[in-house]
Amino acid sequence: MKRIGIFCLILLFCLAFSVGCKKETTVEKQDYFFSHQSVRVTTDDAAKPLLDALGTPTERIVRPSCLFGNANDVLYVYQGLEIETYTKDGIEYLYNIELVDDTADWKTPEGIGVGDARGAVVKAYGEPDSVSQNGTAVYNGKDMTLNFFYTGDTVTRIAYRKNV
Amino acid sequence: MKQIQLKRWLAAAAILILLALLLCALNRLLLPKYRSGNTEGRLTADYYTDVKTRHQVLFLGDCEVYESFTPPTLWEEYGISSYIRGNAQQLVWQSYYLLEDTLRYETPEVVVFNVYALKYGTPQNEAYNRMTLDSMKFSPVKLSAIRASITEEESFASYLFPLLRFHSRWKELTQDDFTYLFDSSPVSHNGYLMKTGVEPMTSSRAGSPLTDYSLPVSSMEYLEKMRLLCLKNGIELILVKSPTNSWGYWWYDEWDAQINDYAAKNGLSYYNFIPEAEKIGLDFTTDTYDAGVHLNVSGAEKLTSYFGKILRENHGLEDLRFDSGLSAVWQEKVVRYQQEKEGLLK
């Protein structure tokens, strides 16, 4: 009887422990957002609200897919900002959002722009999830990454990129 | 009594055979035909219509290979018999298994692999997978190709029984589905898919910087498997990069350096045609049908002429125009090629 009691206690302990573990591993990553005027978007969101808010691009490059001729990828170039989209079922979605230089003072909602120091990035976002071979700080979202490219300790490019 | 039992068994067997035939016919009917629109989906099937022809050269790779080299030109100018087994976004493991599949029928002297797809280290997209794999002939090689290719959302069974995937297509059946139910005539010219349009390349924008320039380990592993398979079968493996280089399909110098190192380490020839574009005679205002992503027929013919000379002079491929049987086969192919070209250019 005593043995059965001990066994039940161990079983309960194991169950409680495994439930605890499960809770820990199911914490989901949150995506990082870019905002302009009242539009707040991330990769895989519909592109239209952001494109409408940004107005006419200085350059628009269409990249035909090697398969679906009517489902092009498009690069919209604005001063200091580039938006890449893809089309699925007739709807254009955001693929990449990139702050490419400091000519137009674009900032992330957390207040970081090209030209800021590494310290400011860490203060706003914490330590990166990883640092790539070429020193890029990578923050993992759920289905995307936010990447800070540096030259020395200065941000040279900020890229919201859909995971491929 | 025994006779009755035998009759019952025969009836059951007949019913089973009928059911199997019905399922096969349904499968055939519901599979996309890729005859109008995305003809790329026919490319894998096309190969099996030409397995009896001797091919000295087998091209492998993605759209960069089936839009860059024209086997009829290679034959006309050099007497080199070739076939392209390429598909839209054909990943390196698919190229590897298509090589294995080819070896079930023939052993070419040279395999030319276009390296662009090495940038992908994981399965990408069901639509591309389907076009490459669905029409592969059933064999253990096909099973391996499916296993290596399917994305997390796809099921292995749906590739074995495409009916599971396409059963709802009955609502979308068109005239094509019935016209081409049993028609296996090729849409390509030995794997070359002809495009005659002209859309000039207007932007020279380079690709965006990457966070990591290492080519994926998994894709390099398949390249190594391909090299070993070629070695085992006495085939020379040649690596190429097509001359197209545009935003979104950018070939980074860092990738090129890795391929150069791999080729040098293993004694392979590697031809990167991007810096050779001018020498080849390519004009990206006239030789591309989609703003520089792919070559059109004019560009592909120029590249093929240039590469044919390399194959002849550096790799010793023989002129087979003296072979009357093979010449007759190719004569028909060249006529069909010219007719299609003239028709499309009108």
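Residues numbered from 1 in each chain as written. Chains lettered and ligands numbered in written order. Predicted model: local features only at pLDDT ≥ 70, side-chain atom pairs only at ≥ 80, totals over all residues. Heavy atoms only, no water.

Attention now goes to the overall build of chain A. Looking only at helices and strands, chain A features 3 helices and 10 strands. Burial statistics for chain A: of 164 residues in total, 41% are counted as buried. Long-range pairs, those at least 24 residues apart, make up 41% of the contacts in chain A with a sequence separation of at least 6. Roughly 9500 Å² of accessible area belongs to chain A as shown, and the carbon and sulfur atoms make up 56% of that amount. (Helix = DSSP H or I, 4+ residues; strand = E, 2+ residues; numbered from the N terminus. Buried < 20%, exposed > 50% of the residue type's maximum accessible area, 1.4 Å probe, protein only. Contact = heavy atoms within 4.5 Å. Areas by Shrake-Rupley, 256 points an atom, 1.4 Å probe, with all protein chains shown as cover.)

Let us now look at the environment of A:Glu110. Residues and elements named next belong to chain A. Structurally, glutamate 110 can be placed in the loop between strand 6 (91–99) and helix 3 (118–125). A relative accessible area of 38% places glutamate 110 in the partly exposed class. Sequence separation between glutamate 110 and alanine 124 is 14 residues; the distance between their C-alpha atoms is 6.2 Å. If we skip the residues at most four places from it in the chain, glutamate 110 touches Ala124 and Tyr125. Looking at glutamate 110, its side chain comes within polar contact range of the side chain of tyrosine 125, at 2.6 Å. (Polar contact = N/O pair within 3.5 Å; in protein donor to acceptor, adjacent residues only side chain to side chain.)

Residues and elements named next belong to chain B. Ranked by size, the top nonpolar core spans 47 residues in total, and within it Phe113, Leu118 and Leu239 carry the most contacts. Only strand 1 (57–61), helix 5 (92–103), strand 3 (110–114), helix 7 (140–149), helix 11 (217–232), strand 4 (236–241) and helix 12 (253–266) provide two or more residues apiece to this core. The residues contacting leucine 118, other than those within four sequence positions of it, are Val92, Phe113, Leu215, Pro216, Ser219, Met220, Leu223 and Ile259. If you look at the next biggest cluster of nonpolar residues, it comprises 39 residues, including Val187, Phe273, Ala277 and Tyr337. (Core = buried A, V, L, I, M, F, W, Y, C linked by side-chain atoms within 4.5 Å.)

A few words on the pairing of strand 5 (residues 269–272) of chain B. Residue and element names in this part refer to chain B. Pairing of strand 4 with strand 5, which is carried by 4 bridges, proceeds in the parallel orientation. Bridge pairing links valine 240 to tyrosine 271 in strand 5. A crossover links strand 4 with its parallel partner strand 5, the connecting element being helix 12, and its sense is right-handed. (Pairing = 2+ DSSP bridges. Right-handed = clockwise from strand over helix to strand, strands pointing away.)

As a further point, take the sheet that holds strand 3 of chain B. Residue and element names in this part refer to chain B. Strand order in the open sheet made by the 5 strands is 2-1-3-4-5, with parallel pairing throughout. Each of the sheet's edge strands pairs with one partner strand only, and the pair in question is strand 2 (82–86) and strand 5. Going across the sheet, the axis of each strand differs from the next one's by a mean of 20°, ignoring polarity. Alignment of strand 1 against strand 2, held across 5 bridges, turns out to be parallel. What sits directly across from glycine 61, in strand 2, is glycine 86. Helix 5 rests against strand 1, strand 2 and strand 3 of the sheet, and its axis sits at about 155° to strand 1. Here helix 12 sits on the sheet in contact with strand 4 and strand 5, set at roughly 155° to strand 5. (Axes fitted to C-alpha atoms, helices over the stretch in contact; angles between N-to-C directions.)

Next up on the list: unusual backbone geometry. A positive phi angle, close to 50°, is found at A:Asp89, a residue other than glycine. Mapped onto the fold, A:Asp89 is located in the loop between strand 5 (81–88) and strand 6. With a relative accessible area of 76%, A:Asp89 lands in the exposed category. Even without being glycine, B:Asn190 reaches a positive phi, approximately 50°. With respect to the helices and strands, the residue B:Asn190 is situated in the loop between helix 10 (175–179) and helix 11. Accessibility expressed as a relative area gives 6% for B:Asn190, which makes it buried.

Throughout the structure, instances matching the rule amount to 31 salt bridges over all chains. B:Lys195 is the salt-bridge partner of B:Glu40, the closest N and O atoms lying 3.9 Å from each other. Of the two residues, B:Glu40 sits in the loop between helix 1 (2–30) and helix 2 (43–47) while B:Lys195 sits in the loop between helix 10 and helix 11, which places them 155 residues apart along the sequence. Overall, B:Glu40 belongs to the buried group, its relative accessible area being 5%. Through salt bridges that share partners, A:Glu59, A:Glu82, A:Glu98, A:Arg157, A:Arg161 and B:Arg205 make up one connected network. (Salt bridge = Lys/Arg side-chain N within 4 Å of Asp/Glu carboxyl O.)

All names here are of chain B. Of the volumes computed, that of the second largest pocket is approximately 950 Å³. Along the walls of the second largest pocket sit 34 residues, with Asn27, Arg28, Leu31, Asp134 and Ser135 positioned nearest its centre. Class assignment of the residues belonging to the lining of the second largest pocket gives a composition of 20 nonpolar, 5 polar and 9 charged. (1 Å grid on protein atoms, 1.4 Å probe; cavity = no way out; pocket = protein on both sides within 12 Å on 5 of 7 lines; lining within 4 Å. Points joined across faces, edges and corners; volume = space filled by probe spheres on them. Nonpolar A, V, L, I, M, F, W, Y, C, P; charged D, E, K, R; others polar.)

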